[in-house]
Amino acid sequence: MIRKPCPICGKQIVGRSDKKFCSTSCKNKFHHPAKHRKGDTIKTINRFLFQNFKIMEAVFKGEKKNKMTVPRILLDKMDFHFNYCTGCYINNQGKLYRYIYDYAWMEFSNQEVLLVRKKEE
Ligand SMILES: [Zn+2]
């Protein structure tokens, strides 16, 4: 069954099938939009970017490979924000890569994500 993504942040919702939001914070944003609008600031965005970076770092920790495919649900569980990146690139096969500083990811499908680490020179 394909579940609708969270209407606030676009993340895949995990857990109970009647859940409408990915988290309590998104639920609150939906019910009190004005109160939370101020939260969408540079600070918040930077926090999401840094969080994505830390997740990438954690996934690659101890790995020799610079490329790997992981289940999307794993990144969702780690609270990865797929809508936040530091840049993007479309390769010659039309695949969209999103950068997060020294890392990049590409969404293969709803289930799989390819992660890339820039080689240390
Ligand atoms: Zn959400």
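Computed from a prediction, not measured in an experiment: that's the story for all the values here.

Participant: How should the overall build of the chain be read in this particular structure?
Facilitator: In terms of regular secondary structure, the chain is built from four helices and five strands. In sequence order, the secondary structure elements of the chain are arranged as α-α-α-β-α-β-β-β-β. The proportion of buried residues among the 121 residues of the chain is 12%. In the chain, of all internal contacts separated by at least 6 residues, the share reaching a separation of at least 24 is 46%.

Participant: How should the sheet that holds strand β4 (residues 103–107) be read in this particular structure?
Facilitator: Spatially, five strands are ordered β1-β5-β4-β3-β2 in an open sheet, and the strand pairing comes out antiparallel. The open sheet has two edge strands with one neighbour each: β1 (67–71) and β2 (87–90). Averaged over all adjacent pairs, the angle separating strand axes in this sheet is 25 degrees, with direction ignored. One ladder, built from five bridges, connects β4 with strand β5 (residues 112–117); its direction is antiparallel. Note on β5: the bridge partner recorded for Glu107 is Val113. Its contacts with the sheet put helix α3 (residues 42–60) on β1, β3 (96–100), β4 and β5, and the angle it makes with β3 is roughly 100 degrees.

Participant: Would you take a moment to explain the nonpolar core for this structure?
Facilitator: Side chains of a nonpolar character, in soluble globular proteins, are inclined to be buried together. Counting eleven residues, the largest nonpolar core consists of Ile55, Met56, Val59, Leu75, Phe80, Ile100, Tyr103, Ala104, Trp105, Val113 and Leu115. Sorting the residues of this core by element identifies α3, β4 and β5 as the ones contributing at least two each. Contacts of Met56, omitting those with residues within four sequence positions, involve Ile100, Tyr103 and Leu115.

Participant: So what exactly am I meant to see when it comes to the confidence of the model for the chain here?
Facilitator: Detail in the predicted coordinates should be disregarded across regions flagged by low pLDDT. Averaged over all residues, the pLDDT of the chain equals 89, while 90% of them reach at least 70. Looking at the elements of the chain, mean pLDDT is at its lowest for helix α2 (residues 33–37), recorded as 62, and at its highest for β5, recorded as 97.

Participant: Help me understand α3 in this model?
Facilitator: Across its 19 residues, α3 extends 27 Å between first and last C-alpha, which sits within 8% of the 27 Å expected from 1.5 Å per residue. Residues of α3 that are buried: Asn52, Ile55, Met56 and Val59. Projected down its long axis, α3 shows its buried positions confined to an angular sector of 100 degrees, all on one face. Away from its buried face by more than 90 degrees, α3 exposes Ile42, Lys43, Asn46 and Ala58.

Participant: Which parts of the structure should I look at to understand the environment of Cys85?
Facilitator: Structurally, the position occupied by Cys85 is in the loop between α4 (72–77) and β2. Residues Cys85 and Ala104 lie 19 residues apart in sequence; the distance between their C-alpha atoms is 8.7 Å. Residues within four places of Cys85 in sequence aside, it is in contact with Arg98, Tyr99 and Ile100.

Participant: Would you take a moment to explain the pairing of β4 for this structure?
Facilitator: On any regular strand, side chains alternate: one points to one face of the sheet, the next to the other face. Pairing geometry for β3 and β4, over four bridges, is antiparallel. Residue pairing in the sheet places Arg98 in a bridge with Trp105 of β4. Between β3 and β4, which pair antiparallel in sequence order, lie two residues; one of them, Tyr101, sits at a positive phi of approximately 50 degrees. The antiparallel pairing of β4 with β5 creates a hairpin that spans four residues between the two strands.

Quick notes on the rules
Residues numbered from 1 in each chain as written. Predicted model: local features only at pLDDT ≥ 70, side-chain atom pairs only at ≥ 80, totals over all residues. Helix = DSSP H or I, 4+ residues; strand = E, 2+ residues; numbered from the N terminus. Buried ≥ 20, exposed ≤ 12 C-beta atoms within 10 Å, placed from the backbone. Contact = placed C-beta atoms within 7 Å. Pairing = 2+ DSSP bridges. Axes fitted to C-alpha atoms, helices over the stretch in contact; angles between N-to-C directions. Core = buried A, V, L, I, M, F, W, Y, C linked by C-beta atoms within 7 Å. pLDDT = per-residue confidence, 0-100. Expected span 1.5 Å × (residues − 1). Arc of directions from axis to C-beta.

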